[in-house]
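Architecture and fold: a report
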Amino acid sequence: MATPRAAVILAAGKSTRMKSSRSKVLHHVGGRSMLSWVADTARAVGADKIVCVVGEGNADVRKAAEDLGLDIALQEPQLGTGHAVLCAKEALAGFEGNMAVLYADTPFVRPETLERVFDSLERTGVTVLGFEPEEPGFYGRLITKDGELTAIVEARDATNEILDIGLCNSGVMAASTKDMFSALDRVGNDNVKHEYYLTDIVEILRNDGLAARVITADEGEVLGVNSRVDLATAELAFQMGMRQAMLIKGVTLRDPETTYFSYDTEIEPDAEIGANVVFGPGVSIAKDAVIHPFCHLEGAKIGEGAQIGPFARLRPGTEMAANTKAGNFVETKKAKIGKGSKINHLSYIGDAEVGEGANIGAGTITCNYDGYFKHKTVIGDGAFVGTNSSLVAPVKIGKGAYLGSGGVITKDVPADALAVARSEQVNKEGWAKRYNAAQQKRKNKSK
Ligand code: UD1
Ligand code: MG
């Protein structure tokens, strides 16, 4: 049987450089928090126990971690990365297996990479994920000899000779829980920062006779976020990766640099995306659908051959079936639109179910909210909703019904009926001519 896996996510830092009232790791990249990226990576490699280490000042992180189903360990005060992992010991009591340490502010470590780190523990005592940054700066340096890792030296404690080493510590590290905690119990704080360094476990475990190893990743994968500048860099890296992946897969992006994706955007080949389109989380788009320029979609499912926009806003719970249309200045929310139905102009369709082949005229509004509760509008197959209709929910429009323009529809309309809900028109013969003549006369007098 495979060795059980756990992960410890460090998130107790103060993140002052972010200049935010929100904890750093809750800031979003590609439509979800950095913490959620990291938790997902841990889950993807089968970690069945994930502990998030938070400080007292990170109440928001604690809440978010709990919502993500993570266990919590409190680290107060923060005495270094080694101390932080040690704080997770109690939460991992009784767990026997391998564990990886991840940083909540390093969102892009790929599951494949973490898998390699865990796999390597079959042949070694401790594994560190290394990388060769363009600017090694303050990263810990990895000292290797004959392919083995012998020590990690923090930049602040390093000699110039060690600072010349290009191979650096990403922060990701793995060992068995037994070895990890046995080594951490012996880590001291005799260093420049007087912190308990996680990195010291390498030498400790080697002295125990265990081997240490480095696995490497690209710099982009271990990119850490400390400031808004870093956040923007991470976002750009994510977007560039997604654009590339979508193009390679066969999705047409008319202007890739202005197409913005979320971590979970799914688009089938032969769909086409116009310029300036933003995808929030939860969007899927089937083949041959076209999203015209300047659309914002979130939580929306777009069927084959559907045409969306330009300038449409599709909000969560929108399902556009095959060959539907939502045209310019159309907003939808919790709306299921059946095959071939069209909402071509200037409408709000919320909390609604529209059948197949219906036509929703320009300016139609579902009045779904009474100030307290939301109500549903149901529109049957083949119904024709006249221009500028207000559908006051709850209301049902039967199949094939025809609504005259400008109606305020407050009662259900039977199938195949005509509903007219506006005052009757009055024509007064010759009135305009008389009016204009009288007004002109007044104006001439006053000159
Ligand atoms: C750490 C590594 C360094 C590595 C670098 C990669 C150590 C001693 N050093 O340095 O080798 O190159 O990361 O980015 O491990 N944290 C806590 N509690 C603490 C201290 C830190 O939860 O008491 C968390 C932080 O929130 C952060 C992570 O641990 O997510 C790393 O801490 P940080 O202070 O940034 O470590 P570095 O000095 O950058
Ligand atoms: Mg750091």
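What counts and how
- Residues numbered from 1 in each chain as written.
- Chains lettered and ligands numbered in written order.
- Predicted model: local features only at pLDDT ≥ 70, side-chain atom pairs only at ≥ 80, totals over all residues.
- Heavy atoms only, no water.
- Helix = DSSP H or I, 4+ residues; strand = E, 2+ residues; numbered from the N terminus.
- Rg over C-alpha atoms; globule rule 2.2 N^0.38 Å.
- Buried < 20%, exposed > 50% of the residue type's maximum accessible area, 1.4 Å probe, protein only.
- Contact = heavy atoms within 4.5 Å.
- Areas by Shrake-Rupley, 256 points an atom, 1.4 Å probe, with all protein chains shown as cover.
- Phe/Tyr/Trp six-rings, centres within 6.5 Å; stacked < 30°, edge-to-face > 60°.
- Lys NZ or Arg CZ within 6 Å of the ring centre and 35° of its normal.
- Domains from an automatic or database assignment.
- Buried area = accessible area lost by both parts, 1.4 Å probe.
- Salt bridge = Lys/Arg side-chain N within 4 Å of Asp/Glu carboxyl O.
- Polar contact = N/O pair within 3.5 Å; in protein donor to acceptor, adjacent residues only side chain to side chain.
- Near = heavy atom within 4 Å.
- Nonpolar A, V, L, I, M, F, W, Y, C, P; charged D, E, K, R; others polar.
- Pairing = 2+ DSSP bridges.
- Patch = residues over 30% accessible without salt bridge, like charges linked within 9 Å, V, L, I, M, F, W, Y side chains within 5 Å.

This part covers the overall build of the protein chain. Along the protein chain, the regular secondary structure elements total nine helices and 36 strands. Scaling as 2.2 N^0.38, a compact globule of 447 residues should have a C-alpha radius of gyration of about 22 Å, whereas the protein chain reaches 31 Å, well beyond that. C-alpha extents for the protein chain along the principal axes are approximately 105 × 65 × 40 Å. Looking at the protein chain as a whole, 46% of its 447 residues are labelled buried. Put simply, of all contacts in the protein chain between residues at least 6 apart along the chain, 42% involve residues at least 24 apart. Approximately 22300 Å² of the protein chain is accessible, and the part contributed by carbon and sulfur atoms is 50%.

Moving on, we come to the packing of aromatic side chains. Counted by the stated rule, this structure contains nine aromatic pairs. With 4.9 Å between their ring centres and 85° between their planes, Phe 131 and Tyr 139 make a pair best called edge-to-face. Relative to Phe 279, the ring of Phe 261 lies with its centre 5.6 Å away and its plane at 20°, an arrangement referred to as stacked. On the criterion of sequence distance, the pair formed by Phe 261 in the loop between β13 (259–260) and β14 (266–267) and Phe 279 in strand β16 (residues 277–279) is long-range, its members being 18 residues apart. A cation over a ring is seen here: Arg 32 above Trp 37, with NZ or CZ 4.3 Å from the ring centre. Just above the ring of Tyr 369 sits the side chain of Lys 374; from NZ or CZ to the centre is 5.2 Å.

Next up on the list: unusual backbone geometry. In this structure, Pro 77 follows Glu 76 across a cis peptide bond, with omega equal to -5°. With a phi angle near 50°, Leu 346 is a residue other than glycine that sits in the positive phi range. Mapping Leu 346 onto the fold places it in the loop between β26 (342–345) and β27 (348–354). Phi angles above zero are rare outside glycine, and Asp 351 is one such case at about 50°. Within the secondary structure layout, Asp 351 lies in strand β27.

Per the domain assignment, the segments of the protein chain are domain 1 (5–222) and domain 2 (228–419). For domain 1 and domain 2, the distance between their C-alpha centres works out to 43 Å. Facing the 12 residues of domain 1 at the interface are nine residues of domain 2. Carbon and sulfur atoms make up 64% of the surface buried where domain 1 meets domain 2, a total of about 890 Å² over both sides. Linking domain 1 with domain 2 are zero salt bridges, by the criterion used here. Where domain 1 meets domain 2, there are four residue pairs in polar contact (both at pLDDT 80 or more).

What follows covers the site of ligand 1. Lining the immediate environment of ligand 1, one finds 20 residues, of which Gln 75, Gly 80, Thr 81, Glu 154 and Asn 169 sit closest. A distance of 3.1 Å is found between an oxygen atom of ligand 1 and a side-chain nitrogen or oxygen belonging to Tyr 103. A distance of 2.7 Å is found between an oxygen atom of ligand 1 and a side-chain nitrogen or oxygen belonging to Glu 154. In isolation ligand 1 offers 750 Å² of accessible surface; the protein chains occlude 82% of this area. Secondary-structure elements contributing two or more residues to the shell around ligand 1 are α3 (81–86) and β10 (168–176). Across the shell around ligand 1, the residue classes break down as eight nonpolar, nine polar and three charged.

The next subject is the sheet that holds strand β28 (residues 359–360). With parallel pairing, the 10 strands of this open sheet are ordered in space as β12-β15-β18-β21-β24-β26-β28-β31-β34-β36. Edge strands, defined here as strands with exactly one partner in the open sheet, are β12 (252–253) and β36 (418–419). One ladder, built from two bridges, connects β12 with strand β15 (residues 272–273); its direction is parallel. Among the inter-strand pairings, Thr 252 is bridged to a residue of β15, identified as Glu 272.

All right, on to the pairing of β10 then. For β10, the buried fraction is high: nine of the nine residues fall into the buried class. Bridge count between strand β6 (residues 98–103) and β10: four bridges; the pairing is antiparallel. Note that in β10 the partner of Val 101 across the bridge is Met 173. Of the strand pairs in this sheet, strand β7 (residues 126–131) and β10 are connected by five bridges, and their pairing is antiparallel. Across the sheet, Thr 127 pairs through a bridge with Ala 174, a residue of β10.

Here we come to a nonpolar patch on the surface. Residues Phe 294, Phe 311, Phe 329 and Leu 346 make up a contiguous nonpolar surface patch of about 410 Å² in total accessible area. With respect to the element layout, Phe 294 can be found in the loop between β18 (290–291) and β19 (296–297). The class of Phe 294 is partly exposed, set by a relative accessible area of 42%.

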